[in-house]
Amino acid sequence: MWKYLFRRFLSMLFTVWVISMLSFALIQLPPGDYVTTLVNQLVATSAGSSTISSEYIEQLREMYGFNQPMYVQYFKWIGKILTRGEFGYSFVYKRDAAVMITERLPMSFALSFASMILVWAVALPIGIYSAVRQYSLGDYIFSFMGFIGLAVPNFLLALILLFITYKYFDKAMIGLFSQEFASAPWSMAKFVDMLKHLWIPATIIGLGGTAGLIRTMRANLLDELNKPYVETARAKGLSERRLLWKYPVRHAMNPFISTIGWALPGFVAGDVIVSIVLNLPTSGPVLFNALKAQDMYVAAGFILMLSILTVIGTFISDILLAMLDPRIRLQ
Amino acid sequence: MTINEIDLALADRASGGPSTESDVRIEVATQWQLMWWKFRRHKLAMFGGALVLFFYLLAAFAEFFAPVNFTTYNEQYVYAPPQMIHFFREGKLAPYVYGYKFERDPVSYKKTWAIDKSVIIPLRFFNHGDPYKFWGLFRGDLHLIGPVNASDPFYLLGADKSGRDVFSRIIYSARVSLTVGLVGVAISFTIGILVGGISGLVGGVVDNLIQRLIEILISIPTLPVWLALAAMVPLSWSALRVYFMITVILSLVGWMGLARVVRSKFLALREEDFIMAAQLDGVPRGRMITKHMIPSFLSHIIASITLSIPGMILGETALSFLGLGLRPPVVSWGVMLQDTQKVAVIAIYPWLLFPAVAVIIVVLALNFLGDGLRDAADPYQ
Amino acid sequence: MADNNNLLVQVEDLKIHFFTNEGIVRAVDGVTFDIHSGETLCMVGESGCGKSVTARALLQIVHRPGKIVDGSIVLYRQKSHDQIEKVRISDLEPKGREIRSIRGKDISMIFQEPMTSLSPMYTVGNQIMETIMLHTKADKNQARARTLELLEFVGIPRPNRIIDEYPFRLSGGMRQRAMIAMALSCNPRLLIADEPTTALDVTTQAQIIDLIQGLQKDYDMGVLFITHDLGVVAEIADRVAVMYLGNVVEYSDVYTIFNDPQHPYTQSLLRSIPKVTATREKLEVIRGMVPSPFRRPSGCPFHPRCPKAMPVCSEIEPKTISLTENHQVHCLLFDEDAKKPVREMAS
Ligand SMILES: Nc1ncnc2c1ncn2[C@@H]1O[C@H](COP(=O)(O)OP(=O)(O)OP(=O)(O)O)[C@@H](O)[C@H]1O
Ligand SMILES: [Mg+2]
């Protein structure tokens, strides 16, 4: 098992490395470089009162290292992140990108995590029910609801929710905090307040995922129910209920657990778009604005961190899998 | 005496004897047939398939099905609410809608639209209305239905902020939204089958490398990347270029899943008994691939494709909704939904959400269809 | 050979139909046989003729669209020293308590696929102990001790290590031995072995068959052995039931079946065994294929492939005819009543 986990860990590091390069590539994508943008910004704000000398621009370039080859720039960027936790400067917000990330990322994490827990808590029992009672009325109803969940884009759900609260409830229901806590420092009370608000966006984000997971669980379990070892267990004289939980459900759990890996990117994506619509204080809106304004250090930082979050999630699912499945543990 | 031969003989007979050339053909034919029978039994999938076909027909003949062109506007009827269509008047088939009038809200004193039952706007099937160039090629002005008097308002699903017909725009949008799915899938399918095919056929180190790469790419959250790439599309680009760029961006994210399906299919098929059997019977390798591998494989691929179109459609809608995807004057369901970003707007003009209904129906139908195809493609159930 | 005091299971006119969307499949269509303790009944027949379905019915574990529609299965269960209880298995609720107390205890079963018949998620010991603790009052330690005993008994080397091993780390032969150990764990009266050696190599096959034969002697069990392999039948069977498309077409002791087969199907089956002689002849194969279960031929289902088919065979379903007290044939050739009227009409 340690060998396996070590291998997975190495592959995780490799993945993070590739992701960091992709994120860096993002910074390079917009035409011009950071200095050009900065200069434009300066010119715009100082409203032409002073022109910026080309020497100064060169100086800036020198300072940021834009004259150096690409790989040097990359190592400088990643080096600063690794050693000093510096993600660069946001010229839109005029703040340190790192501060913005530490402010927003935990919220994204909390929201994604809450969505995942919710999805599991709902999808697992329904998936089992639907497989065991295949073609029953309940199975049809859940399948239908699952299809709807797949088909309704989550930003639309967010919109509908917004609409309902706008019309019928007070507006404070939607954010992540009640008014009195919104700008208060962290405390137990604030945390509890957040948990109380979290479930609404978590439900919206999780709905599509729930539908997918129910179908996965149902299909897996249906597969497992016909396996010979189930027949063996039945021929032993085990009751249907005991047999179900000990054998096929346990087997079908495997793909379920590995969904942490592939479902997390979905939750993060859901978090981004739903937060934009509902204007929640998570990564979404900041990332969105940064991208629109081509505030690339902020955008790259967020994308890097969000991706790392999902990679870590995958790693955790690998650990869980290894603990659950002797075939992986003992290989 | 060990009598394994009889086992073989018995097993052989069960599988229809040593397969000859003609047997192989029959097997393949019946495989498709079996799938079709299985698919036909899947009522929901049949229904989904019919709906999908319907929507693609709408998209193909948008000029004809839409009462007016999608750019046609009338500032007199900004945000006019939907009209109810009536087909019979005085017992005869004579479609009509009621006209509009302004009313002042007795409380807020705001001007609002109301249906004026005293005004009857007659409609006509196969009406000569807005002139158009069908597919940019043929001139025409025939529409399935339209007001007899061209200047009369006819807004089945209401009007938007410029007084354009939401219904017509939804139909024209289908053209963009649905083809984004098709073109996107075609691109990601090409990449996917190439990469997955190489991975599955070559195997070894190459396979390992490709699998690692796919793992990495899959673990990157799609939406932020879509957003990032879409945000980079220069504002100065033409609508068509943006359209292709967005499609490419969407498909860049979708190919990994397909590549995995293709690879696992190749691997599984290499092991499958019937391929072994064919090899034992001396069927040449080339025929083995075309007669045995492709059919069993194609069906799965078709199912996967059908199931990945909805993701593309939803992706385009989300991007355009956020203002990072397609841009006016191109009209897609996502572009239309941009108008609904403000809650206040939805609250007063809820019919602007109709494009979302179209998205949901199409995505549902594609999912039904794909599910049925997948079930039918699975020979062991 | 076997007197009625030893009667263990009696199956009479058993009919099992599968109610599929495409139609009703008569997988088992009127099967009669019985099994005595200390005796091996071999069931042979081509793929799909209903052997496994029949075997499963004895435990009431027929797959979902399948249902026992007619006939009876009676288990004679030793209640105390001289009291025998009749249990009508065919009437029991498949999920009920009573049949569950029979499964694994009075009747146990070994399946064809040793590779997948044990769950890879739990150790061999866990899965065997589970059966013991389910049917006896043994606690964990006792069950473990018994499991070790059993593993040793079925010839597994180093049972102390294997007991905590996961099935996927064992060879096919070892797994099948573990399966046998599990099946034996509660001293069953009847052991059903559904092609237990098909998935194994020849040497292992012989070992497993020897093992089962030895166990039967030691435990005085009844064994229902399902196989394709007539060589095995010749080796271990006391009696043989030859099946074709849901019917037992011929049922007798092993000597009669091999030396004096009466049903044309049994005859062709035996002729298709290769004989090693100086001049090698082409192996005779029964012509045609097993018909699709949905297109079951009318009359005698074997008639399209039967070398001795008569016109009447496509019209009348044959009855079971007793040639002697322990030799039954399901064939119109021996049914004088059925043959007569047709001949008269023809002349
Ligand atoms: N789940 C099912 N659905 C429909 N028909 C079934 C099902 N299971 C079995 N049958 C039918 O029952 C018949 C007998 O099947 P069975 O498994 O008993 O054959 P068998 O004699 O054991 O063959 P083999 O030697 O291949 O194991 C099959 O021909 C099939 O038509
Ligand atoms: Mg069988």
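As a reminder, the structure under discussion sits directly above these lines.
Residues numbered from 1 in each chain as written. Chains lettered and ligands numbered in written order. Predicted model: local features only at pLDDT ≥ 70, side-chain atom pairs only at ≥ 80, totals over all residues. Heavy atoms only, no water.

Draft legend 1. Representation of the interface of chain A and chain B within the structure. Taken together, the contacts link 43 residues of chain A with 38 residues of chain B. Buried surface at the junction of chain A and chain B, summed over both partners, amounts to about 3,500 Å²; 82% is from carbon and sulfur atoms. Applying the counting rule to chain A against chain B returns 0 salt bridges. Taken together, the elements giving at least two residues each to the side of chain A that touches chain B come down to α1 (2-28), α6 (137-151), α7 (154-168), α9 (188-225), α12 (248-278), α13 (283-292) and α14 (296-324) of chain A. By residue number, the principal contributor to the side of chain A that touches chain B is α1(A), which donates 8 residues. (Contact = heavy atoms within 4.5 Å. Buried area = accessible area lost by both parts, 1.4 Å probe. Salt bridge = Lys/Arg side-chain N within 4 Å of Asp/Glu carboxyl O. Helix = DSSP H or I, 4+ residues; strand = E, 2+ residues; numbered from the N terminus.)

Draft legend 2. Focus on helix α10 (residues 228-236) of chain A. For α10(A), a buried count of 8 out of 9 residues is recorded, marking the element as mostly surrounded by other parts of the structure. Those residues of α10(A) that fall on the buried side of the exposure criterion are A:Tyr229, A:Val230, A:Glu231, A:Thr232, A:Ala233, A:Arg234, A:Ala235 and A:Lys236. (Buried < 20%, exposed > 50% of the residue type's maximum accessible area, 1.4 Å probe, protein only.)

Draft legend 3. Molecular detail of the site of ligand 1. Residue and element names in this part refer to chain C. Taken together, 16 residues lie around ligand 1, and Ser47, Gly48, Lys51, Ser52 and His228 are the ones closest in. Interatomic distance of 2.9 Å between a backbone N/O atom of Val53 and an oxygen atom of ligand 1. Take His228: an N or O atom from its side chain is 2.9 Å from an oxygen atom of ligand 1. Surface burial for ligand 1 is 73%, taken as the share of its 640 Å² of free accessible area covered by protein chains. Among the elements of the structure, β1 (7-20), β2 (23-36) and α1 (51-59) are those that each provide at least two residues to the shell around ligand 1. Top element by residues in the shell around ligand 1 is α1. It accounts for 3 residues. Per-class residue counts for the shell around ligand 1 are 7 nonpolar, 6 polar and 3 charged. (Near = heavy atom within 4 Å. Polar contact = N/O pair within 3.5 Å; in protein donor to acceptor, adjacent residues only side chain to side chain. Areas by Shrake-Rupley, 256 points an atom, 1.4 Å probe, with all protein chains shown as cover. Nonpolar A, V, L, I, M, F, W, Y, C, P; charged D, E, K, R; others polar.)

Draft legend 4. Just the pattern of salt bridges, in detail. This structure, assessed with the given rule, holds 26 salt bridges over all chains. Between C:Arg26 and C:Asp29 there is a salt bridge, and its shortest N-O distance comes to 2.8 Å. In this structure C:Asp29 comes out as buried when scored by relative accessible area, which is 10%. In this structure, C:Glu149 and C:Arg146 form a salt bridge, with 3.3 Å as the shortest nitrogen-oxygen distance. With C:Glu149 and C:Arg146 both in helix α5 (residues 140-153) and 3 residues apart, the pair spans about one turn of that helix. Through salt bridges with shared partners, a single network forms among A:Lys236, A:Lys246 and C:Glu130.

Draft legend 5. Up close: the side chain of C:Ser185. Along the polypeptide, C:Ser185 turns up in the loop between α7 (172-184) and β7 (190-194). In this view, C:Ser185 contacts C:Ile128, C:Thr131, C:Ile132, C:Arg146 and C:Leu150; residues no more than four positions away in its chain are not counted.

Draft legend 6. Structural context of the packing of helix α5 (residues 166-202) of chain B against helix α6 (residues 204-218) of chain B. All names here are of chain B. At a closest axis distance of 7 Å, the pairing of α5 and α6 adopts a crossing angle of 140°. Relative to α6, the element α5 is oriented oblique. The crossing of α5 and α6 is left-handed. Where α5 abuts α6, its residues Val195, Ile198, Ser199 and Val202 lie against Gly204, Val206, Asp207, Ile210, Gln211 and Ile214. Grouping the constituent residues of the contact of α5 with α6 by class yields 6 nonpolar, 3 polar and 1 charged. (Axes fitted to C-alpha atoms, helices over the stretch in contact; angles between N-to-C directions. Parallel < 35°, antiparallel > 145°, perpendicular 65-115°, else oblique. Left-handed = near helix turned anticlockwise from the far one by under 90°.)

Draft legend 7. Structural view of unusual backbone geometry. All names here are of chain C. Look at Asn187: it is not a glycine, yet its phi comes out positive at around 50°. Structurally, Asn187 can be placed in the loop between α7 and β7. If you check the backbone angles, Leu245 has positive phi at about 45° while not being a glycine. Mapped onto the fold, Leu245 is located in the loop between β9 (239-244) and β10 (247-253).

Draft legend 8. How the structure looks around the pairing of strand β5 (residues 83-88) of chain C. All names here are of chain C. Inspection of the sheet shows strand β4 (residues 66-80) paired to β5 by 6 bridges, in the antiparallel sense. The residue of β5 that forms the bridge with Arg77 is Glu85. The hairpin turn running from β4 into β5, its antiparallel successor, is 2 residues long. (Pairing = 2+ DSSP bridges.)

Draft legend 9. The sheet that holds strand β8 (residues 222-226) of chain C, seen in detail. Residues and elements named next belong to chain C. In space, the 8 strands of this open sheet follow the order β6-β7-β8-β3-β9-β10-β12-β11, with mixed pairing throughout. Only two strands of the sheet have a single partner each, and these edge strands are β6 (107-110) and β11 (320-324). The average angle at which neighbouring strand axes cross in this sheet is 20°, direction not considered. Taken strand by strand, α7 contacts β6 and β7, and its axis lies near 175° from that of β6. On top of the sheet, helix α8 (residues 202-219) reaches β3 (40-44), β6, β7 and β8; it is set at about 160° to β8, its chief contact.

Draft legend 10. How the structure looks around the sheet that holds strand β3 (residues 111-134) of chain B. Residues and elements named next belong to chain B. The strand order across the open sheet formed by 4 strands is β1-β2-β3-β4, and the pairing between neighbours is antiparallel. Where the open sheet ends on each side, the last strands, each with one partner, are β1 (86-89) and β4 (138-147). Averaged over all neighbouring strand pairs, the angle between strand axes comes to 50°, with direction disregarded. Bridge analysis of β1 against strand β2 (residues 92-104) gives 3 bridges, and the strand direction is antiparallel. The residue of β2 that forms the bridge with Arg89 is Lys92.

Draft legend 11. Geometry of the pairing of β11(C). Residue and element names in this part refer to chain C. Across 4 bridges, the pairing between β11 and strand β12 (residues 327-330) is antiparallel. What sits directly across from Ser322, in β12, is Gln328. Remark: 2 residues form the turn of the hairpin made by β11 and β12, two consecutive strands paired antiparallel.

So yeah, pure geometry; function would need other evidence.
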